[in-house]
Amino acid sequence: MSWLETFRTGAQAIMSHRLRSGLTMLGILIGIAAVILTVGLGEGASAQVSNEIQSLGTNLLTVTPGSTTTGGVRGGLGSATSLTAADATALANKKDCPDVAAVAPVSSRSTVLVAGSTNWTTTVSGSTPGWLSVHSRSLLEGNFFTQDDIVKANPVMVLGATTAQELFGARDPVGQSVSIGTETYTVEGVLNVVGSSSASGTSQDDLAVIPITTYQQHLAFGLNRTSVSSIVVEATSKNTLSAAYQEINDELLALQGAATPLAADFTITTQTQALTTATSVDHTLTILLAGIAAISLLVGGIGVMNIMLVSVTERIREIGLRKALGATPSVIRRQFMVEASVLGLAGGLIGVLLGIGGAIGLPHLISNPIVISPSAAVAAIVVSLAIGLGFGVYPASRAARMAPIDALRSE
Amino acid sequence: MPEAEPPTHVFPVLPHESSPASPSLDEVFEHSRTPDSVPGGTGGRGRPIIELADVRKVYSAGSLSVEALRGVTLSIDEGEFVAIIGPSGSGKSTLMHILGCLDTPSSGSFHLSGEDVSHMSETELAHIRNQRIGFVFQGFHLLSTMSAWRNVELPLAYAAVPRAERRERAIAALRRVGLGERVEHRPGELSGGQQQRVAVARALVTDPDVVLADEPTGNLDTTSTEEILGLFSDLHRAGRTVVLITHEPEVAAVASRIIRVRDGQVTEAPPRELSRA
Ligand SMILES: Nc1ncnc2c1ncn2[C@@H]1O[C@H](COP(=O)(O)OP(=O)(O)O)[C@@H](O)[C@H]1O
Ligand SMILES: [Mg+2]
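Position labels on residues start from 1 in each chain and follow its written sequence. Working convention: letters from A go to chains and numbers from 1 go to ligands, in the order in which they are written. Totals for whole chains, interfaces and linings use all residues, but because this is a predicted model, local features are given only for residues with pLDDT of at least 70 and pairs of side-chain atoms are given and counted only at 80 or more. As a rule here, side-chain values cover all heavy atoms of the structure and leave hydrogens and water aside.

Draft legend 1. Structural detail: the overall build of chain A. Secondary structure follows DSSP: runs of H or I at least 4 residues long count as helices, runs of E at least 2 residues long count as strands, and numbering of each begins at the N terminus. From N to C terminus, chain A includes 14 helices and ten strands. Pairs at least 24 residues apart make up 77% of the contacts formed inside chain A by residues separated by at least 6 positions. For chain A, the accessible area works out to roughly 18600 Å², and carbon and sulfur atoms hold 63% of it. Whether two residues touch is decided by their heavy atoms; if any such pair falls within 4.5 Å, the residues are in contact. For the accessible areas, the method is Shrake-Rupley and the probe is 1.4 Å, while residue cover comes only from the protein chains on display.

In structure tokens form, the structure reads like this:
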């Protein structure tokens, strides 16, 4: 009997038990759709994070106070006060650090901005004009503050688009006043919209930036007001990133008078490292969900096996008759294998369609983007076929081994 | 298929049942052996197609074992119409399963057209059943989801006959049994007699050496029984070997020779008058 013929026979057997076949497929279908959606969610999250970090620029280095190697002794990462605005100025020195394009020391805190009768809580950062460059941002209107504003510690401010909208609505914010506590700042400019929210969940459009010196005078906590929470360094290009890393590492070691890198009281992080950290969280979740999907596929496969066993028992007479008419054991085996794989494959195909449908429809309901991964779809189809085949082997060989007379006798 | 050697181990069971149905036909098909050496052949062409020698069949289920056949020796010639008759439980179906290569004997030998089939593998037996044997069962054994012609073409599908030819031959076989107008009907849409005729068409379609029928009229009314028996007589007249298994003497009467089975053994043949009736 030809393969085509066997396939037709199998398809006919499936069609003659529509409800049962449908329910069997459902097990596989749910598993496959879950796999497609899980992988899609994982990839969507990764793509989102990497897009965001790409948009920040991949040639960025972030220096934070505190050493990762001796953090336990010197106090936790970020809690040390070893970095100052002076360090940032030193790193901007073209002679010692030729591969550094821009430097921006950053200190931030969350606080309340008041404009007239409107209050708005946001993150206020103190930085230098380099901030604009290292964050690859541009202005929608007005100007960023200048080096002169840094020197004079002027009360000027640049707002994110969302913050400006919240404080001033339709009014032009440039030239308006914003108060933080008792200090009054003049809005110099408004930043262009970035759109995406960062991995940490804070919007890059909801913020305010003021000169670092102004920040140190009015907003910094504690006694050590010259310290900054981080220094963001932009290398001249992607290729000079490691050279820049080396240069700022050497420069900071020299400034701190540390003899060995072990005594260093700072940590340099690349965006790639940040990306890895951000996506590894997603990976854990993805693996967990994929595990659940795999279990559901296993259950689906057991469903196929169960139904095939029922089918073999129920069709003893048919098997006996086919054998009497000349079907060899291998032809019978093939027929049941084809049936099981058609069940698996059909479940897989419908599951992939459902998964793709979900990937298109779900983002309208939830905020997470879902990426349709062609390789996951192909793999899902292959896996569903393999499940059909794998779980079909036992029922099929049971049918093949059945003695024709036993099969014919059962009436 | 090897040419049949005259087997030396065949012990004819019905030595007196040697009168030919048609002497002229017998003359035409006369071959080298003398009629005395093939005493079982009646109404056939003289060449043995089925030869059983001391065949035993033991069914064992756990510690219990039933000897369904206890040393059956018989010979059936090509073109014969033989009825095997016996009470229920006498081993008729067991005998038919062995004749039909659906099962193998526990001991003894079975030659089909001179070929020893008692030790063949399941796959080899499947090919023999497909090409040389046509079955008709008491319970029709049609596949309910398929139309009549699809049921009939089934053995041809296993013989790898091309699709177009299969349909043609299936429809031709259905015409021969008078169901030319019912080819697209499903078994459920046909009467019992019609269903059994579909089964006969399926048994014929491969042009087998032997047609084996196990109680083919057991589930049928009188009219349908006559129709089906008429079909078997037609087949016999057309020169085909037919083995009809039954427990009813009236049914056995249509055959040209009767083999009586009791307690797993072949006993005497019934009086000539009955078998000729
Ligand atoms: N598969 C089997 N297992 C055990 N005993 C069987 C089996 N098939 C038939 N028998 C026994 O063998 C004997 C002959 O059965 P069978 O050939 O079906 O007789 P008949 O067809 O003449 O009614 C019976 O006693 C029956 O119970
Ligand atoms: Mg019986």
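Draft legend 2. Layout of the overall build of chain B. In terms of helices and strands, chain B carries nine helices and ten strands. Between buried and exposed lies partly exposed: a residue is buried under 20% and exposed over 50% of the maximum accessible area for its type, with that area taken using a 1.4 Å probe on protein chains only. A buried classification covers 55% of the 277 residues belonging to chain B. For chain B, contacts bridging at least 24 residues in sequence account for 71% of all contacts bridging at least 6. Counting only carbon and sulfur atoms, one obtains 49% of the accessible surface of chain B, whose full area is about 11700 Å².

Draft legend 3. Structural detail: the interface of chain A and chain B. Across the boundary between the two partners, chain A contributes 23 residues, which contact 24 residues of chain B. A quick way to say it: buried area is the sum, across both parts, of accessible area lost when two parts are put together, with a 1.4 Å probe. Considering only the side of chain A, the residues that lose the most area to chain B are Leu321, Leu325 and Ile405 of chain A, jointly responsible for 26% of the buried surface there. Salt bridges are defined as contacts in which a side-chain nitrogen from Lys or Arg sits within 4 Å of a carboxyl oxygen from Asp or Glu. Where chain A meets chain B, there are two salt bridges. For glutamate 5 of chain A, the salt bridge goes to arginine 166 of chain B, with nearest N and O atoms at 2.9 Å.

Draft legend 4. Examining the packing of aromatic side chains more closely. The criterion for an aromatic pair is that two Phe, Tyr or Trp rings (for Trp, the six-membered ring) have centres within 6.5 Å, with stacked assigned to planes under 30 degrees apart, edge-to-face to planes over 60 apart and tilted to the rest. The final tally for this structure, using the stated rule, is three aromatic pairs over all chains. The interplanar angle of 10° and the centroid separation of 5.9 Å between the aromatic rings of tryptophan 131 of chain A and phenylalanine 144 of chain A together place this pair among those described as stacked. Note that tryptophan 131 of chain A is positioned in helix H5 (residues 130–134) and phenylalanine 144 of chain A in the loop between strand S4 (139–142) and helix H6 (147–152), a separation of 13 residues in sequence. With respect to burial, tryptophan 131 of chain A and phenylalanine 144 of chain A carry one shared label: buried. For the ring pair phenylalanine 135 of chain B and phenylalanine 137 of chain B, a centre distance of 5.6 Å and an interplane angle of 10° mean the geometry is stacked. Each of the two residues, phenylalanine 135 of chain B as well as phenylalanine 137 of chain B, counts as buried. The cationic tip of arginine 334 of chain A hangs over the ring face of tryptophan 3 of chain A; the distance from NZ or CZ to the ring centre is 4.5 Å. The aromatic ring of tryptophan 149 of chain B is capped on one face by arginine 167 of chain B, whose charged end is 4.6 Å from the ring centroid. Our definition puts a charge over a ring when NZ of Lys or CZ of Arg is within 6 Å of the ring centre and also within 35 degrees of the ring normal.

Draft legend 5. Main features of the sheet that holds strand S4 (residues 107–112) of chain B. Residue and element names in this part refer to chain B. By this definition, two strands are paired if DSSP reports at least two bridges between them. Within the open sheet, the four strands sit side by side as S2-S1-S4-S5. Their pairing is antiparallel. Each having just a single partner strand, strand S2 (64–77) and strand S5 (115–116) make up the two edges of the open sheet. Pairing of strand S1 (residues 48–61) with S2, which is carried by eleven bridges, proceeds in the antiparallel orientation. Considered in S2, the bridge of glutamate 51 is made with serine 75.

Draft legend 6. Focus on unusual backbone geometry. Residue and element names in this part refer to chain B. The phi dihedral of aspartate 207 falls on the positive side, at around 60°, and the residue is not glycine. Looking at the element boundaries, aspartate 207 is found in the loop between helix H6 (192–204) and strand S7 (210–214). Positioned with a positive phi, aspartate 263 is a non-glycine residue whose angle comes to about 50°. Here aspartate 263 is to be found in the loop between strand S9 (257–262) and strand S10 (265–266).

Draft legend 7. Structural detail: the confidence of the model for chain B. Residue and element names in this part refer to chain B. Looking at chain B, pLDDT values average 82 and 80% of them are 70 or higher. In predicted models, pLDDT denotes the confidence assigned by the predictor to each residue on a 0 to 100 scale. In this model, residues 1–42 is a region of pLDDT below 50 whose contacts with residues beyond four sequence positions or in other chains number 69 contacts. This model gives residues 270–277 a pLDDT under 50, and the stretch forms twelve contacts once residues within four places in sequence are excluded. The ipTM for the predicted assembly is 0.81, set against a pTM of 0.66.

Draft legend 8. Seen up close, the pattern of salt bridges. Summed over all chains, the structure comprises 23 salt bridges over all chains. Between aspartate 54 of chain B and arginine 56 of chain B there is a salt bridge whose closest N-O contact spans 3.7 Å. Residue class for aspartate 54 of chain B comes out partly exposed when judged on its relative accessible area of 39%. What emerges from the salt-bridge pattern is a single network uniting Glu5 and Arg8 of chain A together with Arg150, Glu153, Arg163 and Arg166 of chain B.

Draft legend 9. The site of ligand 1, seen in detail. In the vicinity of ligand 1, the residues found are Arg409 of chain A together with Tyr59, Ala68, Pro87, Ser88, Gly89, Ser90, Gly91, Lys92, Ser93 and Thr94 of chain B. For this analysis, a polar contact is any N or O atom pair within 3.5 Å, provided that within protein one partner can donate a hydrogen and the other can accept it, and provided that sequence-adjacent residues contribute only side-chain to side-chain pairs. For ligand 1, an oxygen atom lies 3.1 Å from a polar atom in the backbone of glycine 91 of chain B. Between serine 93 of chain B and ligand 1, the recorded distance is 2.7 Å, taken from a side-chain N or O atom to an oxygen atom. Bound to the protein, ligand 1 loses 68% of the 560 Å² it would expose on its own. Here a cavity denotes a set of grid points, spaced 1 Å apart and computed over the protein atoms alone, in which a 1.4 Å probe fits but from which it cannot get out, and a pocket denotes an open set meeting protein on both sides within 12 Å along at least five of seven lines; residues with an atom within 4 Å of a point are reported as lining. Think of it this way: a molecule belongs to a cavity or pocket when more than half its atoms come within 2 Å of the grid points there. Here ligand 1 occupies the second largest pocket. In terms of residue count, helix H2 (residues 92–99) of chain B provides more of the shell around ligand 1 than any other element does, three residues in total. Amino acid classes used here: Ala, Val, Leu, Ile, Met, Phe, Trp, Tyr, Cys and Pro are nonpolar; Asp, Glu, Lys and Arg are charged; the rest, including Gly, are polar. The residue makeup of the shell around ligand 1, split by class, is three nonpolar, six polar and two charged. Consider each residue's heavy atoms; a residue with any of them within 4 Å of a molecule or strand counts as near.

Draft legend 10. Quick peek at empty space enclosed by the protein. Grid points are joined across faces, edges and corners, and a volume is the space filled by probe spheres set on the points. Per the counting criterion, the structure on display carries two cavities of 30 Å³ or more. Reported here for the largest cavity is a volume of approximately 80 Å³. Going through the elements one at a time, helix H1 (3–15), helix H2 (18–56), helix H10 (271–314) and helix H12 (329–361) of chain A are the ones with two or more residues in the lining of the largest cavity. Broken down by element, the residue count for the lining of the largest cavity peaks at three residues, all from H10 of chain A. Looking at the lining of the largest cavity residue by residue, the classes come out as five nonpolar, three polar and three charged. Considering only enclosed or pocket space, the second largest cavity measures out at about 40 Å³ in volume. Every residue along the wall of the second largest cavity is listed here: Leu325 of chain A together with Arg129, Asn130, Ile133, Gly134, Phe135, Pro155, Arg202, Ala203 and Thr206 of chain B. Mapped by element, the contributors of at least two residues to the lining of the second largest cavity are helix H3 (122–132), strand S6 (133–136) and H6 of chain B. No other element matches the three residues that S6 of chain B contributes to the lining of the second largest cavity.

Draft legend 11. Quick look at the sheet that holds strand S8 (residues 241–246) of chain B. Residues and elements named next belong to chain B. One open sheet holds the six strands; their spatial order is S6-S7-S8-S3-S9-S10, and the pairing between them is mixed. What marks the edges here is a single partner per strand, and that holds for S6 and S10. The pairing of S6 with S7 spans four bridges and is classified as parallel. Looking at the pairing, phenylalanine 135 lines up with leucine 212 of S7. Every axis in this analysis is a line fitted to C-alpha atoms, fitted for helices over the stretch in contact. Angles between the N-to-C directions lie between 0 and 180 degrees. Relative to the sheet, H2 contacts strand S3 (81–85), S6, S7, S8 and S9, its axis offset from that of S7 by approximately 155°. Across the sheet, H3 lies against S6 and S7, angled at about 80° from S6, the strand it touches most.

Draft legend 12. Expanded view of the packing of helix H11 (residues 316–324) of chain A against H12 of chain A. Residue and element names in this part refer to chain A. Where H11 meets H12, the closest approach of the two axes is 10 Å, and the angle between their N-to-C directions is 140°. Our classification of the angle between H11 and H12 gives oblique. Along this stretch, H11 crosses H12, giving a crossing that reads as right-handed. From H11, Glu318, Ile319, Arg322 and Lys323 reach across to H12, where they touch Ile332, Gln335 and Phe336. Residue classes in the contact of H11 with H12 are distributed as three nonpolar, one polar and three charged. Oblique is the label for every angle not falling under 35 degrees (roughly parallel), over 145 degrees (roughly antiparallel), or within 65 to 115 degrees (roughly perpendicular). For a crossing to be left-handed, the near helix must be turned anticlockwise from the far one by less than a right angle; the clockwise case is right-handed.

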